[in-house]
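Commentary on secondary and tertiary structure
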Amino acid sequence: MRKHNQIWGIHAQPGKKANIILLLLPFILLVATYLAASHIRHQENPQDKLLPSATQIVKAIDRVALTEDRRTGKYLLWTDTLASLKRLAIGVTAAAIFGLLIGLNMGIYPGIRSLSFSFVTFFSMIPPLAVLPIIFISFGVDEFAKIMLIFIGIFPIISRDIFLTVRKLPQEQITKALTLGASSFAVTYRIILPQILPRLIDAIRLSLGAAWLFLIAAEAIAAMDGLGYRIFLVRRYLAMDVIIPYVLWVTLLGFLFDLILRTIINKRFAWYADRK
Amino acid sequence: MPTENNKLTNKFLHLEDVYKSYDRVILDDIDLSVSKGEFCTVVGPSGCGKSTLLRLILGVETPDSGTLHLHGEEVGHPSPSRGIVFQRYSLFPHLTVLENIMLGRTLPTGLFERRRRKKEFIEEAKYYLERVRLDGQGDKYPHELSGGMQQRVAIAQSLVTSPDILLMDEPFGALDPDTREEMQLFLLELWDEQKMTVFFVTHDLEEAFFLGTRVLVLSQYYTDGRGDNHEKRGAKIVSDHPLHKTGISSTQIKSDPNFIKLTKQIRSEGFDPKIRQHVNEFNLKHPDSFQTLSKVEADR
């Protein structure tokens, strides 16, 4: 039997062990480089704040996540997480629902397409961060403005993605449904809608990154709590020992949501996952 | 153009003076009448407009001029009176086989009635599933079935609504030869049992002869009184033969002398750009066949 190379070249067939090692390698390199750099800086200056050591970071995590805040009596990390997730969830859900409805109807009904296609395309070209001042001026600095920024930021992406998905469905399907006695309404909401739901989840997965960006930008500018608020607040004291865990936490949350959504697709929409 | 055939609009399927063009003329004055119970196959060189003709009857295209009637009523948008089986995309990927078959019942029904009659619908779908010999496959999704099985489900799905006419657009075109032959036999059996009217478009002459009780040849290779500018002419029905069921299978049919003769004839009538009949000489032997020519066309 010919022995296959496990790592190099186009014919490589990484085994189970090799796979795990390769997968972990970049992470290990990153952490090792950081720790080494941190160690060097601390040898020169034990008070260094730019690259906090592992002990400093653990201490900071203990302070923000496991100890009550002296001033407010709350656990900062959890309060921040809850506040941020609430904004994110409402903003993304609203954008998903509206994006789905607009994209779906725009894809199926020519009249609605003529009415809204150019408008949605135009709307999607507005850089959301550029209108951030307008949003804060018109909706105040409360929760609504932050949710609005997320909504404005990702609604066009989702609606256009859904629109393109609907347009790509074979016209034969609509014809077929009509010959089986479906009304226009039934075609739209009973034949096409269930078919694009998994694509909607994919669209949400893709736009979650953008949603986080807008959330953190909004929180950085005007908020009383939230992950973005905290990161930008402690930046004033160069508190890298807090910023780094917060960033890692945000990343982990994003990764988790992606995983959850992907699992939903695989479990609930097997026909979609298998077909690809 | 007035005709003496007006009472023919009462025929089962009746097309008269139908024109259709996109960038060029595709269908050029189509006159066609089909009786109930007929298995009508349509052949012709590629790009002659076979599918366009089917799409007109289906209602997804409208003719530039001319009339289409089914049961004496003008053909409108796609509706349950005309069933359709495409080569692909007839099934809905997000529904199980059983749910796909049930659609003809569940789609026109409101939510509450649907809940109430669910059991009845499932029973009926199971009956059709058995009819297409797929018992026990009801819980699978279309992508888990082979191409032939998918087309069987598509046929069952169309039968549930008992359409007046079943339109089929090269339904077996993507199947391998064995499956294809099996499906042809199966379709004939079903046609015989259900007394269906079928309008079947194919590019395969053997298939057309084997299945049809009538074969139409659609072609742009002919001449008429409009001069020699062939390129601007659209397709007409250039020949129309009644066929007799011989019970010979589609693989055997190739060596049957009658078949060989007919193939040769049809190839020269419709498929050879070098041989062009004049419109007045078309071989329209079928009793339902008729032709309404304008004076310019009929001129020599």
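Reading guide: rules and limits
- Residues numbered from 1 in each chain as written.
- Chains lettered and ligands numbered in written order.
- Predicted model: local features only at pLDDT ≥ 70, side-chain atom pairs only at ≥ 80, totals over all residues.
- Core = buried A, V, L, I, M, F, W, Y, C linked by C-beta atoms within 7 Å.
- Buried ≥ 20, exposed ≤ 12 C-beta atoms within 10 Å, placed from the backbone.
- Contact = placed C-beta atoms within 7 Å.
- Axes fitted to C-alpha atoms, helices over the stretch in contact; angles between N-to-C directions.
- Helix = DSSP H or I, 4+ residues; strand = E, 2+ residues; numbered from the N terminus.
- Parallel < 35°, antiparallel > 145°, perpendicular 65-115°, else oblique.
- Nonpolar A, V, L, I, M, F, W, Y, C, P; charged D, E, K, R; others polar.
- Pairing = 2+ DSSP bridges.

If you look at soluble globular proteins, the nonpolar side chains tend to sit buried side by side. In this structure, A:I150 and B:I101 are the most contacted members of the largest nonpolar core, which totals 124 residues. Contact partners of B:I101, with chain neighbours within four places excluded, come to B:A125, B:Y128, B:L129, B:V153, B:A156, B:Q157 and B:V160.

We now examine the packing of helix α2 (residues 54–66) of chain A against helix α10 (residues 240–268) of chain A. A packed helix pair is summarised by two numbers, namely the angle formed by the two axes and the spacing between the axes. Residues and elements named next belong to chain A. Taken N-terminus to C-terminus, the directions of α2 and α10 make an angle of 75°; their axes are 8 Å apart at the nearest point. Here α10 runs roughly perpendicular to α2, going by the angle between their axes. On the side of α2, the interface is formed by Q56, I57, A60, I61 and V64, while α10 contributes D241, V242, I244 and P245. In terms of residue class, the contact of α2 with α10 is made up of seven nonpolar, one polar and one charged.

Another point: the interface of chain A and chain B. Contact with chain A, which involves 19 residues of that partner, is made by 22 residues of chain B. Those elements that provide at least two residues to the side of chain A that touches chain B are α7 (171–179), α8 (184–221) and α11 (270–275) of chain A. Ranked by residue count, the leading element in the side of chain A that touches chain B is α7(A), at seven residues. The class makeup of the residues in the side of chain A that touches chain B is nine nonpolar, five polar and five charged.

Residue and element names in this part refer to chain B. Pairing is mixed in the open sheet, where seven strands are placed in the order β6-β7-β8-β3-β9-β11-β13. Bordering the open sheet on either side are β6 (82–85) and β13 (283–284), each of which pairs with just one other strand. Bridge count for strand β3 (residues 39–43) against strand β8 (residues 198–201) is four bridges, and the pairing is parallel. Bridge pairing links F39 to V198 in β8. Along the sheet, helix α5 (residues 147–159) contacts β6 and β7 (165–169); its crossing angle with β6, the most-contacted strand, is approximately 175°. Those strands touched by helix α8 (residues 257–271) are β9 (214–219), β11 (236–242) and β13, and its axis lies near 165° from that of β11.

What follows deals with unusual backbone geometry. Residues and elements named next belong to chain B. Within the chain, R133 stands out as a residue other than glycine whose phi angle is a positive 55°. With a phi close to 40°, S162 is a non-glycine residue in the positive phi region. Checked against the element boundaries, S162 lands in the loop between α5 and β7.

Right, let's get into the environment of B:E281. In this fold, B:E281 is placed in the loop between β12 (277–278) and β13. Taking the C-alpha atoms as reference points, B:E281 and B:G136, 145 residues apart in sequence, are found 54 Å from one another.

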